[in-house]
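Below are the chains, spelled out letter by letter.
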Amino acid sequence: MYSNSFTSQKRFSNKENVNILTSLLMAHGVKHAVVCPGSRNAPVVHNLKECGDIACHPVTDERSAGFYALGMSLATGEPVAVCVTSGTALLNVAPAVAEAFYQHVPLVVISADRPQAWIEQLDGQTLPQPDAFGRFVHKCVSLPEPVDKEQRWHCNRLVNEALLACKWYGGGPVHINVPIAEPLYAFNQQFLKAERLIDQMGPIGWQSGAFCKLKEQLLQAERPLIVLGQTKRCEVEPGFSNRLAAANIPVWVEMMGDEGANPHVDELVCLAEREISTHPERLSDYLPDFILYAGGNLVSKRLKHFLRQAEQADVWEVTADGGVHDTFMNVKHVIQSTTQELCANLYVEASPIHEAYFRRWELLSQRVSRHLQLFVPRYSELLAVKLFNERMQSDGTWPCAVHYANSMSVRMGMVYSRHYFHCNRGVNGIEGSLSTAAGHSLVTDERVHVVIGDLSFFYDQNALWNDSLRGNLRILLLNNGCGGIFGKFEGLKDSPARAELVMAAHRTTAEGLCRTYGIDYHRAVDAASLADLMGVLTAPSARRPVLLEVFTDPDEDMNTYQEYFNTLS
């Protein structure tokens, strides 16, 4: 990803965040910097002078320096940096920042800072510097001092985001805060690494140069992959995945996205990882060289970890707000548009150079389909979700709405669901899933089903405290007496806190709640009663809300879920 693009006899700072900042200032086209005296900002000033691509203009008074930079930006029409040391030096730039905000001038304020540990400890020139300008900047970031690959990616992403933000909405000031630990004056790096540059395009029309460039790169790739995260219902054009499949381009979508997609991305990656574990040389056969990502959150952690290995891929992202959401840690191009516009306008011809890669994943998909047909879960939560989805697919009463709660419920839904479903994946909390489904049921006449675990259900039980609820609300409550998802963590199994404190073991049942709130209550305790009662839960009509509580054993639940993946072959 990185190359020694700026090699010379020069010597740069040994501070990684300062070097990342310097490299990206040049990459984003910053050509002028107003620099103020100080010790803490000396590594930044040294780099700006040493790089040779940025003209440095010394001004002692920080208040005046801010307006110097403002004037330079007005004259050039380009972003100009102003660099100050720590403490009140930063506050003196505030009048120029406010003026830049209302004149839409792309001012880049760079403030050196003391390490976070020394803020508010009566140490010299320390005050809380991040967010010092409040709403007068388009963005404020405080850079980490990287010690590993993830922190380095984080630092790179933050600088890119800030330098992109100074061009948003007609332009405006941004603030980049740079904590620097002592010693400050080690200038022993022979080169600056060529940092990953993120570019931003839009808002655009789909006949624009940006879209043409996206389409060109997609067609030139040997191993292209399209990934769709969570979308609104009907946001993805029907047949989008099939249309791209006809062009030999795989589309990975979970069932919070495209209605007609093959949602089993977890299983596909699981099979690929097994083959790679025995044949490491085949990793590059499976990793894409082009990724187009649109939509919101993904459930599959396995998918995200897998695609983060594609460090050489050309990664494009389509986001409605034009913001950087670097899920795969390697985005290079951001297009401001909607997933709906992307799906409605992305038409490509089949290309033979894509065929081998598409076929590789297609063969794994066929293996997953066979496994799904052959695998019969024993009595467990997974069996309940399987029977629920089979009933929903066979009774011919679609359309209806389905909600899954977070944690294990949505993960099991990924295995067996064949229809779009809703899930509160914005921040993945367990609270509110029942209330969201209940609210949905009040404004539609279609059936609204919610599949929910016990902790999520009892946490949100006040959702049932509403006399307006009707018979179109159906609840499949999976009660194994604890937060079962925590049972999969091997490191917790020897902890005395596991059952009671981490997994929150309990003996609560919903029967009393249902009597209180007028809910039609049913309970299943084995496979036979579960199969019998599933028809009641999914019946076309009911006088009042229906709840089916399925009692299972948490260890059996986790063993069955893991067996499903372990027996993939």
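Residues numbered from 1 in each chain as written. Predicted model: local features only at pLDDT ≥ 70, side-chain atom pairs only at ≥ 80, totals over all residues. Heavy atoms only, no water.

- Going by the annotation in an unreviewed UniProt entry, the name recorded for the protein is 2-succinyl-5-enolpyruvyl-6-hydroxy-3-cyclohexene-1-carboxylate synthase, with Segatella baroniae F0067 given as the source organism.
- Per its UniProt entry, the protein bears the Subunit (unreviewed entry) comment "Homodimer."
- Annotation of the protein in UniProt includes, under Sequence similarities (unreviewed entry), the sentence "Belongs to the TPP enzyme family. MenD subfamily." (UniProt positions renumbered as here; feature names shortened; annotations may be inferred.)

### What to know about the pattern of salt bridges
Between side chains of opposite charge, a pair can form as their charged atoms come close.
And step 1. A full pass over the atoms with the stated rule returns 18 salt bridges.
And step 2. Here E311 ties to K149 by a salt bridge, and the two come within 2.0 Å at their closest N and O atoms. Pair noted here: E311 is in the loop between α11 (301-307) and β11 (314-319) and K149 is in helix α6 (residues 149-165), with a separation of 162 residues, a long-range link.
And step 3. Look at K149 and you get exposed, because its relative accessible area is 59%.
And step 4. Note that R233 and E446 form a salt bridge whose closest N and O atoms lie 3.0 Å from each other. Here the residue R233 occupies a position in the loop between β8 (224-228) and α8 (240-245), and E446 occupies one in the loop between α16 (433-442) and β14 (448-453), the gap between them amounting to 213 residues. (Salt bridge = Lys/Arg side-chain N within 4 Å of Asp/Glu carboxyl O. Helix = DSSP H or I, 4+ residues; strand = E, 2+ residues; numbered from the N terminus. Buried < 20%, exposed > 50% of the residue type's maximum accessible area, 1.4 Å probe, protein only.)

### Thoughts on the sheet that holds strand β4 (residues 107-113)
And step 1. Pairing in this open sheet of 6 strands is parallel, and the strands run β2-β1-β3-β4-β6-β5 from one edge to the other. Lying at the two open borders of the sheet, with one neighbouring strand each, are β2 (55-58) and β5 (139-142). For this sheet, the mean inter-axis angle between neighbouring strands, taken without regard to orientation, is 20°.
And step 2. When strand β1 (residues 32-35) meets β2, the two strands line up parallel, connected through 4 bridges. Paired with H32 across the bridge in β2 is A55.
And step 3. Along the sheet, helix α1 (residues 16-27) contacts β4 and β6 (174-179); its crossing angle with β6, the most-contacted strand, is approximately 150°. (Pairing = 2+ DSSP bridges. Axes fitted to C-alpha atoms, helices over the stretch in contact; angles between N-to-C directions. Contact = heavy atoms within 4.5 Å.)

### Overview of the UniProt feature "domain: Thiamine pyrophosphate enzyme N-terminal TPP-binding" (unreviewed entry) in the protein
And step 1. Look at the UniProt record and you will see "domain: Thiamine pyrophosphate enzyme N-terminal TPP-binding" (unreviewed entry) annotated at residues 20-121.
And step 2. Strand forms 20% of residues 20-121 and helix 46%; the C-alpha atoms that close the span are 29 Å apart.

### Quick notes on the state of the cysteines
Note: disulfide means a covalent bond formed between the sulfur atoms of two cysteine side chains.
And step 1. By the definition in use, this model includes 0 disulfides.
And step 2. Of all cysteine sulfurs in the structure, the one in C140 sits closest to C166, which takes part in no disulfide; the separation is 14 Å. (Disulfide = S-S within 2.5 Å.)

### Observations concerning the layout of surface pockets
And step 1. By volume, the second largest pocket is sized at about 430 Å³.
And step 2. Lining the second largest pocket are 23 residues, and of these Q230, G295, G296, N297 and H325 sit closest to its centre.
And step 3. Tallied by class, residues from the lining of the second largest pocket come to 5 nonpolar, 13 polar and 5 charged.
And step 4. Split by domain, the residues of the lining of the second largest pocket number at least three in each of domain 2 (207-370) and domain 3 (376-567). (1 Å grid on protein atoms, 1.4 Å probe; cavity = no way out; pocket = protein on both sides within 12 Å on 5 of 7 lines; lining within 4 Å. Points joined across faces, edges and corners; volume = space filled by probe spheres on them. Nonpolar A, V, L, I, M, F, W, Y, C, P; charged D, E, K, R; others polar. Domains from an automatic or database assignment.)

### Details of the domain arrangement of the protein
And step 1. Partitioning the protein into structural domains gives domain 1 (16-179), domain 2 (207-370) and domain 3 (376-567).
And step 2. With 19 residues of domain 2 at the contact, the number on the domain 3 side is 22 residues.
And step 3. A combined buried area of about 1700 Å² lies between domain 2 and domain 3, and 49% of that area is made up of carbon and sulfur atoms.
And step 4. Counting across the domain 2 and domain 3 interface gives 1 salt bridge.
And step 5. Here domain 2 and domain 3 share 10 residue pairs in polar contact (both at pLDDT 80 or more) between them.
And step 6. When residues in the side of domain 2 that touches domain 3 are grouped by element, the largest group, 4 residues, is from helix α9 (residues 265-278).
And step 7. When its residues are assigned to classes, the side of domain 2 that touches domain 3 shows 6 nonpolar, 5 polar and 8 charged. (Buried area = accessible area lost by both parts, 1.4 Å probe. Polar contact = N/O pair within 3.5 Å; in protein donor to acceptor, adjacent residues only side chain to side chain.)

### Some points on the packing of α1 against helix α2 (residues 42-51)
And step 1. Here α1 crosses α2 at 40°, and the two axes come no closer than 10 Å. On the basis of the axis angle, α1 is oblique to α2. Of the two possible hands of crossing, α1 and α2 adopt the one that is right-handed. Contacts from V18, N19, L21, T22, L25 and M26 of α1 reach α2 at P43, V44, N47, L48 and C51.
And step 2. Considering only residue class, the contact of α1 with α2 consists of 8 nonpolar, 3 polar and no charged. (Parallel < 35°, antiparallel > 145°, perpendicular 65-115°, else oblique. Left-handed = near helix turned anticlockwise from the far one by under 90°.)

### Some thoughts on α6
And step 1. Taking 1.5 Å per residue, 17 residues should reach 24 Å; α6 reaches 24 Å between its end C-alpha atoms and fits that length.
And step 2. Of the residues that open α6, the one with a side-chain oxygen 3.3 Å from the backbone nitrogen of E150 is D148. (Expected span 1.5 Å × (residues − 1).)

### Regarding unusual backbone geometry
And step 1. Cis geometry marks the peptide bond from E182 to P183, where omega comes out at 0°.
And step 2. Backbone geometry places M329, a non-glycine residue, at a positive phi of 65°.
And step 3. Position of M329 among the secondary structure elements: in the loop between β11 and β12 (331-336).
And step 4. For M329, a relative accessible area of 22% corresponds to the partly exposed category.
And step 5. Positive phi, close to 70°, is recorded for S407, a residue that is not glycine.
And step 6. Residue placement: S407 occurs in the loop between β13 (401-404) and α15 (408-416).

### Details of the environment of A313
And step 1. With respect to the element layout, A313 can be found in the loop between α11 and β11.
And step 2. Judged by its relative accessible area of 1%, A313 is buried.
And step 3. When the C-alpha positions of A313 and N330 are compared, they lie 7.7 Å apart, and in sequence the two are 17 residues distant.
And step 4. Residues in contact with A313, not counting those within four places in the same chain, are P288, D289, F290, I291, N330 and K332.

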